[in-house]
2 protein chains.
Amino acid sequence: IESGNQERARALTEDLHESDVGAILEALEPDQRPALIQLLGDAFDFTALTELDEALRVEILEELPSETVAEGVRELDSDDAVYILEDLDKADQDEILAQIPSVERLALKRSLDYPEDSAGRRMQTEFIAVPPFWTVGQTIDYMREAEDLPEEFHEVFVIDPGYHLLGTVSLNRLLRTKRPIKIADLVSEAHHLIRATEDQEEAARTFQRYNLISAAVVDESDRLVGLLTIDDIVDVIQEEADEDIKRLGGVGDEEVSDKVWYIAKSRFPWLFINLITAVMASFVIGLFEHQLQKMVALAVLMPIVASQGGNAGTQTMTVAVRAIAMRELGPHNVLRVIGRELVVGMFNGFVFAAIVGAMAVYRFGIFDLGFVIAAAMVINLIAAALGGILIPLALNRLKIDPAVASSSFVTTITDLVGFFSFLGFAALWFGLT
Amino acid sequence: IESGNQERARALTEDLHESDVGAILEALEPDQRPALIQLLGDAFDFTALTELDEALRVEILEELPSETVAEGVRELDSDDAVYILEDLDKADQDEILAQIPSVERLALKRSLDYPEDSAGRRMQTEFIAVPPFWTVGQTIDYMREAEDLPEEFHEVFVIDPGYHLLGTVSLNRLLRTKRPIKIADLVSEAHHLIRATEDQEEAARTFQRYNLISAAVVDESDRLVGLLTIDDIVDVIQEEADEDIKRLGGVGDEEVSDKVWYIAKSRFPWLFINLITAVMASFVIGLFEHQLQKMVALAVLMPIVASQGGNAGTQTMTVAVRAIAMRELGPHNVLRVIGRELVVGMFNGFVFAAIVGAMAVYRFGIFDLGFVIAAAMVINLIAAALGGILIPLALNRLKIDPAVASSSFVTTITDLVGFFSFLGFAALWFGLT
């Protein structure tokens, strides 16, 4: 298909939704992607590019001539245009922007000037705003005649001459009201304004908390500058959850389409931190070299204590990190939750102490060894519970994302406490020196 | 405030959004919660209950008299009503439903009859449907007069006399069209229908993929039965991401407000599975008891090999599990991704082999020990890479959620391979028996 037949390509993609076109692009070989876009010409809807992974999108955009990109970007709603442009480097951005008419260019530039991941980057600058003294009839006629309306909208903003937001009127309210009524009588106060400089995560929380479909975005002087809609917010929620999962798993912001070298590099720091942890644990074991030599059963059993602690700590930490991210852990319940984790840790500690103690006695026939490993198990599961909840809380207080760092800290604690308590108890109990 | 002053309580909560009322309920003592709701009487909006954790909601609902709940539920949109009722046990549900007028009762019952977590449970049954031969004017007049319209809606459905969906008309299309035009001329085909029996996760993916705001829900015979809106979908996306994170961390569906006993019980199985893993690892170590006695340095170093493998395996697995959940891993790229993980594993394997080998030589002064641990490290990081990607893929093929089970399998592999390769190489190399 690739080799030249423009008619066929257009006919084939014509009826497809932009997400499906995106999926086709993804499945193609790297050099076929820009080729297909150029073949389609203006039949290609640039919205499809917003459905791709960042790495692929940048790759394709860099291959395409800047006039083609400028053409394509002009057709988009401003939020999609910004989404496509924001990952390019400054020089490429300027080259493309230079070929866009000045009104649109200024709007795009303003959005791009807001910080990365801010509400200003995600908003669309197309919206409908009317003065309060208009009637419903005037508003409807205006909408019937206006040319460059956004594709989708759910409310009309009401503003004063200085572009300050007075309130909103929902479309269904407008539809159900007689034409001579004044807009001023319908307007409902806009409670949940989003600031353009606000973090997109903050904006997403406002949407979720108040079940919003769209919200007005205002600048520092409270002037209306854009509109944020829930479909953009859905992407933000998904992205943030994805980020949390990957951080907990010790990987950065990698995507399935990333290159080997990028991935190896991004995973290295986490493995290196883990190595430091493992070396510390190994150092603790080294303190008991003589005891291990005298009683090799200790070497066989010690990983069990450390591993159960690591697992229990990860459980507590996962719940804590999630609760912090969802703002469910606050002053009103933090003590209760810490207390609860402590009780759960002790309970599971005693149960597993009994199981493991019995197994150790059975395996090695040394009765006292059962008590030593049981005591170490209880202590390590309590340490796991406390570490699992206190470390994320402390990191959060220090303004470090608990999802990034908690994991290594928690397993460091459970490894050290696990090996030290087990080997230490054994040394004392059996009088090994 | 609690002790009796109805006027004050009403005045205080009057202007609050339902989410804020929900937050107040959460902060109160358990027995004050139903007390406040009864005090507020019909000034209490039951929507606030949808903002609470499941455990709290059920607790409150069981305390309230069933007439109060029935009253409150009647005021809600059907999707919120179902959300509140679905967690109650059958007897309580029936008691409440019995006190709701029959039309509404039937609608609620039908929604509750759909399987848990299906689109049918999440849809609202209030929607606007008109025949295609109506004009825009008739439709607008109908909407102006209709009493029990949903609070929010964004499109009008067009149906035939048998309630089969012919298509949809968006409100803004309706607003911008002159009154005498026929609905039939405006209707756009509804591409993305949701089946009522479909899983809510599936529905959420359709919404995300096609950036929908609302979609029609149809039954087995393609009749229109409800409307799914994006605000419900946002909750689904959040829930599913939350579930994935918790499963990867080895915890069930617990919430911050759950009781100690419930949590201890739900975490126990994961810890037990981990114990089996740890005992298997310990068994492998036990095979080398004699060698460990002769060369205690092996006991000191062995956790490093296992721990690095576990970490690298978790990294690969996190990316794989996420990619599977987001449907980003398919036949077209699975071989490439496996190859990539293998290369990354080998690369990081060699780097860490060099570091750890050098450290081992420095610490114990045995030159050959460096080579032994280096070889074991390379092998274990390759095993981690393969396990991290192949295990989630295999579980997915077997229709088991990879987020639940992958973690234990992957660490089992890296523990066994790590201990076995390191101790085995050492035994061979140094001729220990």
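Residues numbered from 1 in each chain as written. Chains lettered and ligands numbered in written order. Predicted model: local features only at pLDDT ≥ 70, side-chain atom pairs only at ≥ 80, totals over all residues. Heavy atoms only, no water.

**Quick notes on the packing of aromatic side chains**
Here's step 1: A complete count under the given rule lists 16 aromatic pairs over all chains for this structure.
Here's step 2: Here the aromatic rings of A:W261 and B:F347 are separated by 5.6 Å at their centres, their planes lie at 85°, and the arrangement is edge-to-face. Of this pair, A:W261 sits in helix α15 (residues 260-286) while B:F347 sits in helix α17 (residues 334-364), on two different chains.
Here's step 3: With relative accessibility at 52%, the residue A:W261 sits in the exposed group.
Here's step 4: Note on B:F127 and B:F157: the rings are 5.9 Å apart at their centroids and 70° apart in plane angle, and the pair reads as edge-to-face. (Phe/Tyr/Trp six-rings, centres within 6.5 Å; stacked < 30°, edge-to-face > 60°. Helix = DSSP H or I, 4+ residues; strand = E, 2+ residues; numbered from the N terminus. Buried < 20%, exposed > 50% of the residue type's maximum accessible area, 1.4 Å probe, protein only.)

**Focus: the sheet that holds strand β4 (residues 194-195) of chain B**
Here's step 1: Pairing in this open sheet of three strands is mixed, and the strands run β4-β5-β6 (chain B) from one edge to the other. The sheet is open, and its two edges are formed by β4 and β6 (224-229) of chain B, each paired on a single side. (Pairing = 2+ DSSP bridges.)

**Considerations on the sheet that holds strand β1 (residues 129-130) of chain A**
Residues and elements named next belong to chain A.
Here's step 1: Within the open sheet, the three strands sit side by side as β1-β2-β3. Their pairing is mixed. Each edge of the open sheet carries a strand with a single partner, namely β1 and β3 (165-170).
Here's step 2: Direction of pairing for strand β2 (residues 155-159) relative to β3: antiparallel, over a ladder of five bridges. Across the sheet, V158 pairs through a bridge with G167, a residue of β3.

**A word on the nonpolar core**
Here's step 1: In this structure, A:F422 and B:F422 are the most contacted members of the largest nonpolar core, which totals 80 residues.
Here's step 2: Setting aside its immediate chain neighbours within four residues, B:F422 contacts B:L298, B:L301, B:M302, B:V305, B:V372, B:I373 and B:A376.
Here's step 3: Core analysis: the second largest hydrophobic core is formed by 40 residues, A:M123, A:A215, A:I230 and A:V234 among them. (Core = buried A, V, L, I, M, F, W, Y, C linked by side-chain atoms within 4.5 Å. Contact = heavy atoms within 4.5 Å.)

**Quick word on the pairing of strand β6 (residues 224-229) of chain A**
Residues and elements named next belong to chain A.
Here's step 1: For β6, a buried count of six out of six residues is recorded, marking the element as mostly surrounded by other parts of the structure.
Here's step 2: Taken together, the five bridges between strand β5 (residues 214-218) and β6 define a ladder with antiparallel strand orientation. Looking across to β6, one finds that V218 is bridged to L224.
Here's step 3: The turn linking β5 back onto β6 is made up of five residues, and D222 within it adopts a positive phi angle of 65°.

**Re the pattern of salt bridges**
Here's step 1: Inspection of every chain in the model, using the stated rule, returns 38 salt bridges over all chains.
Here's step 2: Two residues, B:E289 and A:R363, come together in a salt bridge whose shortest N-O distance is 3.4 Å. With B:E289 in helix α15 (residues 289-294) and A:R363 in helix α18 (residues 334-364), the pair connects residues from two separate chains.
Here's step 3: Residue B:E289 is classed as partly exposed on the basis of its relative accessible area of 23%.
Here's step 4: One connected set of salt bridges, linked through shared partners, spans A:D242, A:K246, B:D244 and B:R322. (Salt bridge = Lys/Arg side-chain N within 4 Å of Asp/Glu carboxyl O.)

**Quick notes on the relation of the copies chain A and chain B**
Here two copies of a chain appear, and what relates them is a rotation about an axis with a shift along it.
Here's step 1: Each copy of the sequence occupies a distinct position, and chain A is placed on chain B by a rotation of 180° and an axial shift of 0.0 Å, giving an RMSD of 0.1 Å. Read as a symmetry element, the transformation amounts to a two-fold axis.
Here's step 2: The overlap is high: 100% of the interface residues of chain A also sit at the interface in chain B, so the same surface is used on both sides. (Least-squares fit on C-alpha atoms with pLDDT ≥ 70 in both.)

**Digging into the interface of chain A and chain B**
Here's step 1: Each partner contributes residues to the interface: chain A has 105 residues there, and chain B has 105 residues.
Here's step 2: A buried area of about 9,700 Å², summed over both sides, lies between chain A and chain B, and 63% of it is on carbon and sulfur atoms.
Here's step 3: Counting across the interface, chain A meets chain B through eight salt bridges.
Here's step 4: Along the contact surface separating chain A from chain B lie 31 residue pairs in polar contact (both at pLDDT 80 or more).
Here's step 5: Of the residues that constitute the side of chain A that touches chain B, the class distribution is 55 nonpolar, 26 polar and 24 charged. (Buried area = accessible area lost by both parts, 1.4 Å probe. Polar contact = N/O pair within 3.5 Å; in protein donor to acceptor, adjacent residues only side chain to side chain. Nonpolar A, V, L, I, M, F, W, Y, C, P; charged D, E, K, R; others polar.)

**Comments concerning the packing of helix α16 (residues 297-325) of chain B against α17(B)**
All names here are of chain B.
Here's step 1: For the pair α16 and α17, interaxial distance at closest approach is 12 Å and the crossing angle is 160°. Classified by the angle between their axes, α16 and α17 sit roughly antiparallel to one another. Crossing geometry of α16 relative to α17 is assigned as right-handed. Here α16 contributes A297, V300, L301, I304, Q308 and T316 to the contact with α17, which in turn contributes E341, F352, V356, A360 and F364.
Here's step 2: Split into classes, the residues belonging to the contact of α16 with α17 amount to eight nonpolar, two polar and one charged. (Axes fitted to C-alpha atoms, helices over the stretch in contact; angles between N-to-C directions. Parallel < 35°, antiparallel > 145°, perpendicular 65-115°, else oblique. Left-handed = near helix turned anticlockwise from the far one by under 90°.)

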